[in-house]
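Below are the chains, spelled out letter by letter.
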Amino acid sequence: MSRPLRRDYQFELEPLVDAIMAHHSGPLHVAAPLGLGKPHRLLNAIYRRAKADPSRPLAIYTALSLAPPAAGHGLQARFLQPFLDRHFGRDFEALDYVRDLHRKALPANVHIEEFYLQSGAYLDCAEVQQAYASINYTHVARAVAKRDINLLVQKVARSPDGRRLSLSCNPDLSLDLLDEIARLGKSRPCLVAEVDRQLPFLEGSCAVDIEFFDFVCSLPSDAPPLFALPRAPVSDADHAIGLYASALVKDGGTLQIGIGALADALAHALILRHTRNHEYRALLDQLEPGYADSSLVREFGGVEPFSKGLYGASEMVNDAFRKLREAGILTRSIVDDLDAMRRINVGHATSADTEMLTREGRWLDGAFYLGSVDLYAWLRALPPEEARGIGMTRVSHINSLYGGNEGLEREQRRDARFFNTCMLMTALGAAASETLEDGRVVSGVGGQYNFVAMAHALNDSRSILMFRATHGVQMASSNVRWNYGNLTIPRHLRDIAITEYGVADLRDCNDRDCIQAMLRLTEQRFQSELITRAKVVGKLPADFVIDPDRTPNTAAALSGRLRAARVSGVLPDYPLGSDFSDVEQRLLRALAWLKSHGTGWSSRIRLLAAALFQTLDADEPAMERMGLDAPSGLNERLQQRLMRLALMRTRQGRDMA
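Residues numbered from 1 in each chain as written. Predicted model: local features only at pLDDT ≥ 70, side-chain atom pairs only at ≥ 80, totals over all residues. Heavy atoms only, no water.

A.B. asks: Any chance you could explain the overall build of the chain here in plain terms?
C.D. replies: Check the secondary structure of the chain and you find 26 helices and 22 strands. Its C-alpha atoms give the chain a radius of gyration of 26 Å, near enough to 26 Å, the size a compact globule of 657 residues would have. By principal-axis analysis of the C-alpha atoms, the chain measures approximately 75 × 75 × 50 Å. The buried share of the chain, taken over its 657 residues, is 57%. In the chain, the proportion of contacts linking residues at least 24 apart, taken out of those at least 6 apart, comes to 78%. For the chain, the exposed area adds up to about 27200 Å²; of that, 51% sits on carbon and sulfur atoms. Of note, the chain has its 77 positive side-chain charges centred 3 Å away from the centre of its 80 negative side-chain charges. (Helix = DSSP H or I, 4+ residues; strand = E, 2+ residues; numbered from the N terminus. Rg over C-alpha atoms; globule rule 2.2 N^0.38 Å. Buried < 20%, exposed > 50% of the residue type's maximum accessible area, 1.4 Å probe, protein only. Contact = heavy atoms within 4.5 Å. Areas by Shrake-Rupley, 256 points an atom, 1.4 Å probe, with all protein chains shown as cover. Lys, Arg positive; Asp, Glu negative; His and termini not counted. Charge placed at Lys NZ, Arg CZ, Asp CG, Glu CD.)

A.B. asks: How should helix α7 (residues 174-183) be read in this particular structure?
C.D. replies: Among the 10 residues in α7, seven count as buried, and that is most of the element. Among all positions of α7, only Ser174, Leu175, Asp176, Leu177, Leu178, Glu180 and Ile181 are buried. Looking at the buried positions of α7, the neighbouring elements they touch are β2 (28-31), α6 (140-145), β5 (151-158), β7 (190-195) and α17 (395-398). Directly after α7, the chain includes Gly185, whose backbone phi takes a positive value near 75°.

A.B. asks: Would you explain the sheet that holds strand β15 (residues 424-426) in this entry?
C.D. replies: Backbone-to-backbone hydrogen bonds pair the strands of a sheet. The strands run either parallel or antiparallel. Strand order across the open sheet formed by three strands is β16-β15-β20, with mixed pairing between neighbours. Whereas interior strands pair on both sides, the edge strands pair on one side only; in this sheet they are β16 (431-432) and β20 (480-481). (Pairing = 2+ DSSP bridges.)

A.B. asks: How should I be thinking about the packing of aromatic side chains in this particular structure?
C.D. replies: Within a pair of aromatic rings, the relevant descriptors are the distance that separates the centres and the angle that separates the planes. Under the counting rule described, the total for this entry stands at 14 aromatic pairs. Centre to centre, the rings of Phe212 and Phe213 are 5.3 Å apart; their planes meet at 80°, and the pair counts as edge-to-face. For the pair Phe418 and Phe451, a centre-to-centre distance of 5.4 Å together with 25° between the ring planes defines the contact as stacked. Residue Phe418 is located in strand β14 (residues 416-421), and its partner Phe451 is located in helix α19 (residues 448-457); the two are separated by 33 residues in the primary sequence. (Phe/Tyr/Trp six-rings, centres within 6.5 Å; stacked < 30°, edge-to-face > 60°.)

A.B. asks: Hey, could you run me through the environment of Met626 in this one?
C.D. replies: Following the sequence through the fold, Met626 ends up in the loop between α25 (620-625) and α26 (633-652). Remark: the alpha-carbon pair of Met626 and Glu584, spanning 42 residues in sequence, is separated by 9.2 Å. The residues contacting Met626, other than those within four sequence positions of it, are Leu75, Arg78, Phe79, Leu587 and Met643.

A.B. asks: How should the state of the cysteines be read in this particular structure?
C.D. replies: Simply put, the disulfide is a covalent bond whose two ends are the sulfur atoms of two cysteines. This structure, assessed with the given rule, holds zero disulfides. Cysteine Cys217 is unpaired, with the sulfur of Cys190 as its nearest cysteine sulfur at 13 Å. Not part of a disulfide, Cys514 finds its nearest cysteine sulfur in Cys509, a span of 4.7 Å. The class for Cys514 is buried, based on a relative accessible area of 0%. (Disulfide = S-S within 2.5 Å.)

A.B. asks: Any chance you could explain the pairing of strand β10 (residues 254-257) here in plain terms?
C.D. replies: Working note: regular strand, side chains alternate between the two faces of the sheet. The alternating pattern of β10 places Thr254 and Gln256 on one face and Leu255 and Ile257 on the opposite face, and all of these are buried. Examined bridge by bridge, β10 and strand β11 (residues 311-317) share two bridges and lie parallel to one another. Looking across to β11, one finds that Thr254 is bridged to Tyr311. Relative to β14, β10 is paired through four bridges, and the arrangement is parallel. Bridging from a neighbouring strand, Leu255 pairs with Arg417 of β14.

A.B. asks: Sorry, what's going on with the side chain of Glu584 here?
C.D. replies: With respect to the element layout, Glu584 can be found in helix α23 (residues 582-596). Within polar-contact distance, the side chain of Glu584 engages the side chain of Arg86 at 2.9 Å. (Polar contact = N/O pair within 3.5 Å; in protein donor to acceptor, adjacent residues only side chain to side chain.)

A.B. asks: Even after reading the chapter, I still don't get the environment of Leu270, so can you show me in this structure?
C.D. replies: Relative to the helices and strands, Leu270 resides in helix α9 (residues 261-275). Along the sequence, Leu270 and Tyr280 sit 10 residues apart, while their C-alpha atoms lie 9.0 Å from each other. Once residues lying within four places of it in the same chain are set aside, the contact partners of Leu270 are Ser246, Val249, Leu255, Phe306, Leu324 and Ile329.

A.B. asks: Teacher, can you tell me more about the pattern of salt bridges here?
C.D. replies: When charged atoms on two side chains of opposite charge get close, those side chains can pair. Overall, the coordinates contain 51 salt bridges when judged by the stated rule. Residue Asp579 is joined to Arg231 by a salt bridge in which the shortest nitrogen-to-oxygen separation is 2.9 Å. Taken as a pair, Asp579 in the loop between α22 (555-568) and α23 and Arg231 in the loop between β9 (215-218) and α8 (236-246) lie far apart in primary sequence, 348 residues in all. For Asp579, a relative accessible area of 12% corresponds to the buried category. Residue classification places Arg231 among the buried residues on the basis of a relative accessible area of 7%. A salt bridge links Arg410 to Glu406, with the shortest nitrogen-to-oxygen separation between them at 2.9 Å. (Salt bridge = Lys/Arg side-chain N within 4 Å of Asp/Glu carboxyl O.)

Quick look at the structure:
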């Protein structure tokens with residue numbers, strides 16, 4: 001196929017699809033970025049054409065097809081629907097193929113293949129589970145290039161002068177994919193850009209001339225808001241994990257962080273370390289006396305404020321990096337000059353090196369960004385001299401050492417700490433992060449393996465896997481298992497593991513020591529089973545007993561150690577900001593309490609009895625927000641009573657007897 005002439009389509013979506021279809025008479029094999037960079041309106045227009053013409057096969061290769069959650073039913077819907085309308089916008093353009101996948105209504109001529117799924121969204125969707133491709137992030141471009149891609153669609157930002165386009169949120173795979181297609185000797189696909197005026201324009205390697213794309217379509221200025229992830233509350237366990245992790249970061253080093261409550265907790269703990277150091281040290285001592293002065297912290301981390309600062313190198317740029325920059329922590333800059341980096345790292349920078357750092361230095365490199373409305377507003381508002389410090393670039397650069405500049409990247413990524421979240425770990429140090437034991441995929445491996453392997457390849461770096469010790473509340477299960485059916489990280493790559501009960505340094509240790517270290521991360525009620533399993537197979541001595549002097553690993557004991565900091569606000573529920581009002585935050589706690597106390601018939605009966613027969617506070621603002629200020633009918637009156645009970649219990653901090 002010859003290269004089509006570029007044409008700008010101003011608010012003309014259907015004519016653009018006509019032009020695309022005219023250039024491709026056969027099957028359409030479409031590549032689309034993950035997450036925020038997916039042009040929903042354009043993809044929907046192409047998908048509708050395929051649905052209307054069963055003779056035209058359509059295959060879409062992508063990842064992380066973002067969709068707002070369903071409001072659900074009952075009290076959940078009363079809370080969620082107004083929030084969803086406000087946060088995502090009532091006119092948010094959801095992806096039609098996502099809706100059809102959930103309805104089991106995908107047309108026979110359409111194939112959707114993803115290498116990373118919205119977490120937990122497709123556990124019961126057989127079509128998605130069968131089409132999921134388990135691929136390391138750094139290998140995705142190679143794999144997709146083999147799919148005979150003839151169309152690449154991407155959301156972009158346009159420069160103020162209109163002459164340049166920025167891949168902005170998603171330079172991660174597009175450039176690598178084009179290189180892989182060329183390497184295989186295949187024809188360059190047609191490139192289509194959808195301009196979103198709300199997308200921040202970023203320069204550097206993610207910016208291209210407008211002629212780079214064959215077709216450009218501009219969205220109107222009143223387009224729906226960018227997809228923003230609602231920020232989740234941070235629990236006692238999350239804060240404890242963040243505090244432990246923060247002391248393993250070395251001043252002057254490199255930082256990679258994932259996303260979610262654990263990442264928020266880690267960022268908050270780092271900010272406490274830098275800005276409220278006395279309180280921070282007291283918290284660490286309250287959490288685990290002696291931890292701050294342990295050999296692990298002395299050798300690989302620290303508890304002092306940051307004087308040299310950190311450099312961020314993360315596949316995902318999120319709100320944690322925004323807050324770390326604002327707090328004055330993300331200040332170590334790097335340049336793409338090997339000799340200069342060597343001199344800078346040993347303290348022998350020349351005046352030319354210093355000038356280069358000022359002119360070209362970057363304090364954050366990332367492959368894609370995704371986060372809150374505050375993150376996008378921050379990126380849009382950055383002055384040019386500040387924005388130059390952010391390098392949005394290829395995932396092959398961020399997630400790998402072996403792209404041809406290994407020496408330079410080793411100098412740039414000194415003392416790297418790669419923080420990632422997993423679902424659970426085995427007593428022998430392997431980790432499961434994305435697939436259930438029965439084979440169903442929760443999310444995807446993404447870049448986790450890449451970072452774990454890189455930590456072992458870099459002499460002064462460490463991989464830290466963070467996870468909560470248990471899953472569930474009333475019917476809790478341990479997240480430290482003897483074995484597990486599907487693993488993401490093998491035990492020979494074990495390094496550092498953290499739960500709310502402590503830190504385990506597993507690198508290079510033998511199996512006996514590994515098991516004993518993992519037991520210290522395990523909730524107390526689950527330790528004996530692991531000990532028995534290990535003894536049966538000869539992995540622990542027959543006379544082994546766990547240290548009786550250790551603080552009991554229980555949720556109640558942990559909450560007691562953190563209670564003062566929680567009440568005072570030093571460890572808040574939403575340390576990086578919230579998308580919920582104060583009333584909504586109270587309602588969220590109450591709804592979570594109801595969910596945890598409504599498992600099983602006996603628990604439900606006790607809930608109903610308490611709601612019906614106890615004297616309850618009115619809490620008019622909360623009732624008005626839930627639409628229960630003037631209940632009609634038995635069901636609404638009962639819902640009102642349940643909410644009032646839950647609000648009173650969570651405010652008073654009491655549990656059901």
